[in-house]
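# Summary of structural features
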Amino acid sequence: MEAARGQGRDTYTYAVPDGVDVVPGHRVTVPFGRRSTYGFVVSLGTEDPGVETKPIATAGSEPLLLPHQVALARLVADHYWLPLIEVLRAMLPPRVRATGSSGSQASTRQRRHSRLVELATGPATPTPAPTLTSEQQAALDVINSNQLTLLQGVIASGKTEVYLAAAERALADGLRVLLLVPDISLTPQLVQRVRARLKAPVAILHSQLTELERAQQWWRTRRGEAEVVLGSRSAVFAPIPRLGLICLDEEGSSAYKQDRTPRYEAGWVARRLAEVSGARLVAGSATPSVVTYHDATQGELALAKMTRRVRGRDAEVELVDMRDEAAAGNRQPLSRRLLEVIDKTLADEEQVILYLNRRGMSTFVLCRDCGKSVQCLGCSVALVQHAEIDGLVCHYCGYSRPMPAVCDHCGSRNIRGMGMGTQRLETMVKKLWPRARVLRLDSDAAKGPDAYFEIWETFSERRADILVGTQLVTRGLDLPGVTCVGVVDADLPLHFPDYRSAENTFSLVVQVAGRAGRDGRPSRVVVQTSNPEHYSLRCAAVGDYDGFYAAELPARKAFSFPPFAELAVLTRTDADDAKAAASAREAAESLAAGFVKEGIEGIRVMGPAPAFIHRLRGEYRWQVTLKGDRLERARHLAPRGKGWSYDVDPVT
C-alpha cells in the first residue's frame, strides 16, 4: 500500500499487517525514518513491491476520505502542480487532519456557537415553494437533462429558486446536495432560505467558524447526517457520500480562488468533482467568467439563460465622467452628481452603499485629463508603479520604463498614481453627512466569526444609513432599503495589471448595481469613471453580457490569454532581492533551454518580473510566467526547492 508524505516523493509503500483493514482514504500512522508520522492510504496492491517494507503502525477506525475524493485529489494535484499530500490535507479541517477524530463526538467544553451554525441547525419555519416562471422551469429542464450546466441569469431572475428546485429533486431521489457560494455571500439570508425550503438537515463549512465547529460540521457531513452542505470554496472538498447535485453560485467570483497553497480554483475543482462522483453541476451567475462562457459556447457545458427579473426593477445606471469633474475644479473623490443622489436618498430615509474596489494602494498610473493608463506594449495590461525601482513594470513579461512626465496619449502633465482606501472614504463620508449612521464592511472590519453577520444585520435592520465597503458588499446581499449605490472608482479594476481587468470591471458594476432596486422602488447607481466610453462600462450600464463578451474575446485571442491559452506563474521568494531576481532569471533560462532540448512547442517563457506586490512580509518576490497550451508538459522542468511556489490558472 502507499501512504502519502510530503518529502520530495509523493508516495511511499508500506505493508498492511494481518487484522488491519484499510482502504484508500484511511489516515494511518507509519514509521518514517527515526520517527513516526501520519499519512493517507491512496492505493492498495497485492503484488510484491520488490523492496523491504515496514508495516503501518495504526489505522483509523474508518476512512476519512471517500473513494471519489482520493480520485479528485489526484486530478487537483496534477492540474495545479501540487504534491498529492497537500491536496489530501486540504480536504480535512485542521483538527481532523491533526488527530483523525477531533469533533467526531459531542464536546463538553464547547462554550460558544457561531451564529451561522445556530441558524443552520436551529428551528426553521417551512415556506412553500413558489411556482416557477417559464424561464426558471426551462432552466431546470436543462439542468435535469445535462451533467454540467452554466446558468446565466440576470440579477434578481431567481437563480437561487432554480438551485432549490434542483436540490428538492436530488433530495427526493435520496441524493445529497452541495451548495457553494463565494465566501463573501455566505449570508444568513441564504441559510434562512435553504432551511425554510429544503426539509433536510444542513451542515455549514466555512472558514469563519471556530476550528472545533469546522471539525463537527465536517463529521456531520462525512457520516451522512447532513443532506445539504452549504459552504465557501473549501467546501468543494467536503466528504459527501451519495452526492447528487453541486450548485456553484456566482461562478467566476475571484473569491473561489485560494490565494495560499494549494492555490486551487473551486469552480475548476467542482467540475472535476462532478466527473468523479457522477453528480450534476450547475454553475450560476449574472456575470460568468469569459472562460466558462466560452466553454459553454463550445458545448463543454449546457447553457441555460434567464433574462427577466422575477421581482424589483433594474436600477438606473449613470456613468459620471470624472474628467469633467476635474475640469470643473472638483478634485474630491465624490462627484457632484453622486453627492446630489446621496442627499436625496438620505432625505427619503432610504439606504446607500458606496463601493470602493479595495483597501487602497497607489498602483497604476492614470492621466486625469484623457483617462488612459500607462500600458505594457506586449501584454495589454496596466503597468504597476514600483517605488523601489522608481518606475513602472509589467508583472507578466517584465517590461519596464521610467515614470512618464507627460501622458503618452494626450501629452498632459496631469498624470499620477491612483488609489484610495475604505477608511479614508469612511472618514470623508462622516464629515459630509454628520447625521448619517455610517458602517464600513471590508476584510479589516469583518474580522472574527460573527463580525460579517453583525454588520449585515445592522444594515438590513435599517440601523445604519450608509455602508462603505469593498468586494464584500458587491454580491449576495439582498437589502430592500437600498436605493442608491455609488461606485467611487470604477477605473481601479479596469487598470489593474490583470488580463481579466475588463471582465472584473464589467462584473463589478453589474453586481454592485444589483444591490439596488430589489423591492421595486426607483433606484440609482452612479458609476464614477475616467473611461465612460470603455466597452466594459458601456455594456455594464445596460447589463449587456453578450455585448461585453463579443468585445472582450478578440483581445484575449490577440494576446493569447485564457480561454485561448493557459497561464502558470512561478514565484521565487527570498529575503535578498538580488538573489530572488537571479534565481528567477536562471529558472527562466533553464525552462527555455529545456523546451528546446525536449522539443516542447507552444509554451512561452515570460519574465522574470517583480511580482505585483514585490515585497511581502519582509521578503522579495520575482516571477516567471508560462503561457501556452497543455502546461502540464512543463511541470518536470519547473524549478524546485525552498522559496519556489506555483500558481496555475492565476486570477491576476
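Residues numbered from 1 in each chain as written. Predicted model: local features only at pLDDT ≥ 70, side-chain atom pairs only at ≥ 80, totals over all residues. Heavy atoms only, no water.

## Side note on the pattern of salt bridges
Side chains carrying opposite charge are able to pair once their charged atoms draw close together. Taken as a whole and judged by the stated rule, the model has 30 salt bridges. The residue arginine 115 makes a salt bridge to glutamate 457 at a minimum N-O spacing of 2.8 Å. Of this pair, arginine 115 sits in helix H4 (residues 115–121) while glutamate 457 is found in helix H14 (residues 451–460), placing the two residues 342 residues apart along the sequence. Owing to a relative accessible area of 18%, glutamate 457 belongs among the buried residues under this scheme. Put simply, arginine 463 and glutamate 461 hold a salt bridge, and the shortest N to O gap is 2.9 Å. Judged by relative accessible area, which is 42%, arginine 463 ranks as partly exposed. Through salt bridges that share partners, Glu316, Glu318, Arg337, Glu340 and Arg524 make up one connected network. (Salt bridge = Lys/Arg side-chain N within 4 Å of Asp/Glu carboxyl O. Helix = DSSP H or I, 4+ residues; strand = E, 2+ residues; numbered from the N terminus. Buried < 20%, exposed > 50% of the residue type's maximum accessible area, 1.4 Å probe, protein only.)

## Thoughts on the sheet that holds strand E26 (residues 619–628)
The sheet built from four strands is open, its strands ordered E25-E26-E24-E27 with antiparallel pairing. The open sheet terminates on both sides in strands that have one partner only, identified here as strand E25 (603–616) and strand E27 (644–648). Between one strand axis and the next, the sheet turns by 20° as a mean value, whatever way the strands run. Judged from the five bridges that link them, strand E24 (residues 566–574) and E27 form a sheet pairing that is antiparallel. Residue leucine 570 lies in a different strand from E27, and its bridge partner there is tyrosine 646. In the packing of helix H19 (residues 577–598) onto the sheet, the strands contacted are E24, E25, E26 and E27, and the crossing angle to E26 comes to about 15°. (Pairing = 2+ DSSP bridges. Axes fitted to C-alpha atoms, helices over the stretch in contact; angles between N-to-C directions. Contact = heavy atoms within 4.5 Å.)

## Re the packing of helix H5 (residues 134–144) against helix H6 (residues 159–172)
At a minimum axis distance of 10 Å, the contact between H5 and H6 shows a crossing angle of 45°. Of the possible angle classes, the one that applies to H5 and H6 is oblique. H5 and H6 meet at a crossing whose hand is right-handed. Seen from H5, the contacting residues are Gln136, Ala139, Leu140, Ile143 and Asn144; seen from H6, they are Glu161, Val162, Ala165, Ala166 and Arg169. In terms of residue class, the contact of H5 with H6 is made up of six nonpolar, two polar and two charged. (Parallel < 35°, antiparallel > 145°, perpendicular 65-115°, else oblique. Left-handed = near helix turned anticlockwise from the far one by under 90°. Nonpolar A, V, L, I, M, F, W, Y, C, P; charged D, E, K, R; others polar.)

## Some thoughts on the environment of threonine 625
Locating threonine 625 in the fold gives a position in strand E26. The spacing of threonine 625 and serine 400 is 225 residues in sequence and 16 Å in space, taken between C-alpha atoms.

## Topic: the layout of surface pockets
Roughly 830 Å³ of internal volume is contained in the second largest pocket. Taken together, 37 residues form the lining of the second largest pocket, with Trp268, Val291, Thr292, Asp295 and Asp649 sitting closest to its centre. Put simply, the parts of the chain that give the lining of the second largest pocket at least two residues each are helix H9 (266–277), strand E11 (280–285), helix H10 (290–297) and E24. For the lining of the second largest pocket, the element with the most residues is H10, which contributes five residues. (1 Å grid on protein atoms, 1.4 Å probe; cavity = no way out; pocket = protein on both sides within 12 Å on 5 of 7 lines; lining within 4 Å. Points joined across faces, edges and corners; volume = space filled by probe spheres on them.)

## A look at the pairing of strand E8 (residues 202–205)
Here E8 shows a buried face lined by Val202 and Ile204 and a second buried face lined by Ala203 and Leu205. Relative to strand E9 (residues 228–231), E8 is paired through four bridges, and the arrangement is parallel. Bridging across to E9, alanine 203 finds its partner in valine 229. At this point the chain moves from E8, through helix H8 (residues 211–222), to the parallel E9, and the crossover so formed is right-handed. (Right-handed = clockwise from strand over helix to strand, strands pointing away.)

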